[in-house]
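One letter stands for each residue in the lines below.
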Amino acid sequence: MLNATIYNFETELSDVDRGVYETFSVRLARHPSETPEFMVTRFLAYCLEFTEGITLTEGISAGDEPAVLVRDLTGRITAWIEVGMPEAQKLHRGSKLAGRAAVYTHRNIAKVLEELNGTKIHQAAHIPIYEFGRAFIEQVASAIQRREQVTMSINERQLHLDLSGRGYSTEVVEHRLA
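Note that this is a predicted model, so its numbers are computed, not measured.

## Focus on helix α2 (residues 88–98)
Okay, step 1: Within the span of α2, buried status applies to A88, K90, L91, H92, G94, S95 and A98.
Okay, step 2: One or two positions beyond α2, positive phi appears at G99, with a value near 85°.

Below, the structure is given as C-alpha coordinates:
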(Lines give C-alpha, C1' and ligand atoms only; values in the text may rest on other atoms or scores of the structure.)
Protein backbone atom coordinates (compact mmCIF):
# COMPACT_ATOMS: atom_id res chain seq x y z
CA MET A 1 0.00 0.00 0.00
CA LEU A 2 1.30 3.44 -0.95
CA ASN A 3 1.48 6.20 1.63
CA ALA A 4 0.52 9.84 1.23
CA THR A 5 3.24 12.35 0.36
CA ILE A 6 3.47 15.20 2.85
CA TYR A 7 3.88 18.79 1.66
CA ASN A 8 4.76 21.69 3.95
CA PHE A 9 3.95 25.23 2.87
CA GLU A 10 5.04 28.24 4.93
CA THR A 11 2.41 30.66 3.66
CA GLU A 12 2.08 34.42 3.69
CA LEU A 13 -1.40 35.46 2.54
CA SER A 14 -2.52 38.95 1.51
CA ASP A 15 -6.16 38.72 0.42
CA VAL A 16 -7.01 42.35 -0.29
CA ASP A 17 -10.47 41.39 -1.60
CA ARG A 18 -11.48 39.98 1.82
CA GLY A 19 -9.15 41.97 4.09
CA VAL A 20 -7.31 38.85 5.26
CA TYR A 21 -3.58 39.17 6.00
CA GLU A 22 -2.12 36.11 7.69
CA THR A 23 1.01 33.99 7.93
CA PHE A 24 0.49 30.28 8.58
CA SER A 25 1.90 26.82 7.96
CA VAL A 26 0.01 24.28 5.88
CA ARG A 27 0.81 20.59 6.15
CA LEU A 28 -0.94 18.83 3.29
CA ALA A 29 -1.04 15.08 2.67
CA ARG A 30 -1.30 14.15 -1.02
CA HIS A 31 -2.93 10.75 -1.50
CA PRO A 32 -1.22 8.57 -4.16
CA SER A 33 -4.33 8.75 -6.37
CA GLU A 34 -4.60 12.55 -6.06
CA THR A 35 -3.26 14.51 -9.04
CA PRO A 36 -0.82 17.36 -8.42
CA GLU A 37 -3.41 19.70 -10.01
CA PHE A 38 -6.09 18.62 -7.51
CA MET A 39 -3.68 19.09 -4.61
CA VAL A 40 -2.66 22.59 -5.78
CA THR A 41 -6.33 23.56 -6.22
CA ARG A 42 -7.11 22.23 -2.73
CA PHE A 43 -4.28 24.33 -1.28
CA LEU A 44 -5.44 27.44 -3.18
CA ALA A 45 -9.03 26.91 -2.01
CA TYR A 46 -7.80 26.65 1.59
CA CYS A 47 -5.89 29.93 1.26
CA LEU A 48 -8.68 31.80 -0.54
CA GLU A 49 -11.19 30.67 2.11
CA PHE A 50 -8.79 31.11 5.03
CA THR A 51 -10.62 32.01 8.23
CA GLU A 52 -10.80 30.89 11.84
CA GLY A 53 -11.88 27.23 12.06
CA ILE A 54 -10.75 26.20 8.56
CA THR A 55 -9.36 22.68 8.04
CA LEU A 56 -8.14 20.57 5.17
CA THR A 57 -9.81 17.18 5.06
CA GLU A 58 -8.19 14.06 3.65
CA GLY A 59 -8.81 15.41 0.15
CA ILE A 60 -9.60 12.81 -2.46
CA SER A 61 -10.03 10.10 0.18
CA ALA A 62 -12.26 12.22 2.44
CA GLY A 63 -15.40 10.23 1.59
CA ASP A 64 -18.47 12.28 2.52
CA GLU A 65 -16.47 15.37 3.44
CA PRO A 66 -15.42 18.15 1.06
CA ALA A 67 -11.78 19.10 0.42
CA VAL A 68 -11.99 22.00 2.90
CA LEU A 69 -14.29 22.58 5.88
CA VAL A 70 -14.88 25.56 8.14
CA ARG A 71 -16.32 24.99 11.61
CA ASP A 72 -17.34 27.53 14.23
CA LEU A 73 -16.28 27.29 17.88
CA THR A 74 -19.17 24.90 18.65
CA GLY A 75 -18.02 22.49 15.92
CA ARG A 76 -20.90 23.32 13.57
CA ILE A 77 -19.92 23.34 9.88
CA THR A 78 -20.23 26.87 8.48
CA ALA A 79 -18.61 26.45 5.03
CA TRP A 80 -18.37 23.46 2.68
CA ILE A 81 -15.65 23.89 0.05
CA GLU A 82 -15.40 21.40 -2.82
CA VAL A 83 -12.53 21.03 -5.29
CA GLY A 84 -12.49 19.77 -8.87
CA MET A 85 -15.70 18.22 -10.22
CA PRO A 86 -17.89 17.54 -7.17
CA GLU A 87 -20.89 15.25 -7.25
CA ALA A 88 -24.17 17.18 -7.26
CA GLN A 89 -25.65 15.25 -4.32
CA LYS A 90 -22.55 15.89 -2.19
CA LEU A 91 -22.67 19.61 -2.99
CA HIS A 92 -26.42 19.62 -2.24
CA ARG A 93 -25.81 17.98 1.16
CA GLY A 94 -22.96 20.36 1.98
CA SER A 95 -24.95 23.45 1.02
CA LYS A 96 -27.84 22.37 3.26
CA LEU A 97 -25.56 21.41 6.12
CA ALA A 98 -23.25 24.43 6.09
CA GLY A 99 -25.45 27.14 4.69
CA ARG A 100 -22.50 28.27 2.56
CA ALA A 101 -20.78 26.27 -0.13
CA ALA A 102 -18.23 27.01 -2.84
CA VAL A 103 -16.37 25.09 -5.55
CA TYR A 104 -12.80 25.70 -6.74
CA THR A 105 -11.94 23.90 -9.93
CA HIS A 106 -8.93 23.13 -12.05
CA ARG A 107 -11.14 21.18 -14.46
CA ASN A 108 -12.78 22.33 -17.70
CA ILE A 109 -15.33 24.87 -16.43
CA ALA A 110 -17.84 24.13 -19.21
CA LYS A 111 -17.91 20.46 -18.16
CA VAL A 112 -18.22 21.32 -14.47
CA LEU A 113 -21.16 23.65 -15.14
CA GLU A 114 -22.77 21.15 -17.53
CA GLU A 115 -22.46 18.39 -14.93
CA LEU A 116 -24.01 20.46 -12.13
CA ASN A 117 -26.61 22.61 -13.93
CA GLY A 118 -30.13 21.24 -13.74
CA THR A 119 -29.37 18.94 -10.81
CA LYS A 120 -30.91 19.23 -7.37
CA ILE A 121 -28.51 21.36 -5.34
CA HIS A 122 -29.67 23.35 -2.30
CA GLN A 123 -29.33 27.10 -2.98
CA ALA A 124 -27.49 26.32 -6.26
CA ALA A 125 -27.69 29.92 -7.51
CA HIS A 126 -25.81 31.09 -4.39
CA ILE A 127 -22.86 28.70 -4.78
CA PRO A 128 -19.85 30.34 -6.42
CA ILE A 129 -17.75 28.15 -8.70
CA TYR A 130 -14.24 29.55 -9.00
CA GLU A 131 -12.08 28.73 -12.00
CA PHE A 132 -8.31 29.09 -12.12
CA GLY A 133 -6.52 29.38 -15.44
CA ARG A 134 -5.67 25.85 -16.63
CA ALA A 135 -2.11 26.79 -17.64
CA PHE A 136 -1.58 28.42 -14.21
CA ILE A 137 -2.59 25.27 -12.34
CA GLU A 138 -0.44 23.06 -14.59
CA GLN A 139 2.61 25.34 -14.17
CA VAL A 140 2.26 25.49 -10.38
CA ALA A 141 1.60 21.73 -10.11
CA SER A 142 4.73 20.91 -12.12
CA ALA A 143 6.91 23.32 -10.10
CA ILE A 144 5.69 22.80 -6.54
CA GLN A 145 8.11 21.16 -4.12
CA ARG A 146 7.40 19.27 -0.90
CA ARG A 147 8.68 22.23 1.10
CA GLU A 148 7.84 25.72 -0.12
CA GLN A 149 7.89 29.31 1.00
CA VAL A 150 4.60 30.56 -0.44
CA THR A 151 3.53 34.17 -0.82
CA MET A 152 0.01 34.63 -2.15
CA SER A 153 -1.78 37.86 -2.87
CA ILE A 154 -5.22 38.39 -4.34
CA ASN A 155 -6.59 41.75 -5.38
CA GLU A 156 -9.66 42.26 -7.57
CA ARG A 157 -9.68 38.49 -8.26
CA GLN A 158 -6.10 38.61 -9.63
CA LEU A 159 -4.08 35.90 -7.89
CA HIS A 160 -0.32 36.25 -7.61
CA LEU A 161 1.61 33.29 -6.23
CA ASP A 162 5.29 33.10 -5.39
CA LEU A 163 6.80 29.67 -4.70
CA SER A 164 10.29 30.06 -3.25
CA GLY A 165 11.06 32.91 -5.65
CA ARG A 166 9.18 31.64 -8.73
CA GLY A 167 6.16 33.77 -9.69
CA TYR A 168 2.80 32.77 -11.20
CA SER A 169 -0.40 34.74 -11.84
CA THR A 170 -3.97 34.09 -12.91
CA GLU A 171 -7.43 35.55 -12.69
CA VAL A 172 -9.88 33.74 -10.43
CA VAL A 173 -13.11 33.73 -12.44
CA GLU A 174 -16.40 33.30 -10.61
CA HIS A 175 -19.26 31.35 -12.22
CA ARG A 176 -22.76 30.54 -10.98
CA LEU A 177 -25.13 27.68 -11.71
CA ALA A 178 -28.29 28.47 -13.66
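From this point, the discussion proceeds with the structure in view.
## Some points on the packing of aromatic side chains
Okay, step 1: Under the criterion given, the structure shown has 8 aromatic pairs.
Okay, step 2: Ring centres 5.8 Å apart and planes at 70° place the aromatic pair Y46 and F50 in the edge-to-face group. F50 shares its class with Y46; the two are buried.
Okay, step 3: Here the aromatic rings of Y104 and F132 are separated by 6.0 Å at their centres, their planes lie at 20°, and the arrangement is stacked. Highlighted residues: Y104 in strand β6 (residues 101–105) and F132 in the loop between β7 (129–131) and α4 (134–143), separated in sequence by 28 residues.
Okay, step 4: Taken together, the aromatic side chains of Y104, Y130, F132 and F136 make up a single cluster linked through ring pairs.

## What to know about the sheet that holds strand β1 (residues 5–15)
Okay, step 1: Here 5 strands make up an open sheet; going across it, the order is β2-β1-β8-β9-β10 and the pairing mixed. Of all strands in the sheet, those with a lone pairing partner are β2 (20–30) and β10 (166–171), marking the two edges. With direction set aside, neighbouring strand axes in the sheet form an average angle of 20°.
Okay, step 2: The pairing of strand β9 (residues 158–163) with β10 spans 6 bridges and is classified as antiparallel. Bridge pairing in β10 places L163 opposite R166.
Okay, step 3: Contacts from helix α1 (residues 36–48) reach β1, β2, β8 (147–155) and β9, with the element oriented near 150° to β2.
Okay, step 4: Contacting β8, β9 and β10, α4 crosses the sheet at an angle of about 155° to β10.

What counts and what doesn't
Residues numbered from 1 in each chain as written. Predicted model: local features only at pLDDT ≥ 70, side-chain atom pairs only at ≥ 80, totals over all residues. Heavy atoms only, no water. Buried < 20%, exposed > 50% of the residue type's maximum accessible area, 1.4 Å probe, protein only. Helix = DSSP H or I, 4+ residues; strand = E, 2+ residues; numbered from the N terminus. Phe/Tyr/Trp six-rings, centres within 6.5 Å; stacked < 30°, edge-to-face > 60°. Pairing = 2+ DSSP bridges. Axes fitted to C-alpha atoms, helices over the stretch in contact; angles between N-to-C directions. Contact = heavy atoms within 4.5 Å.

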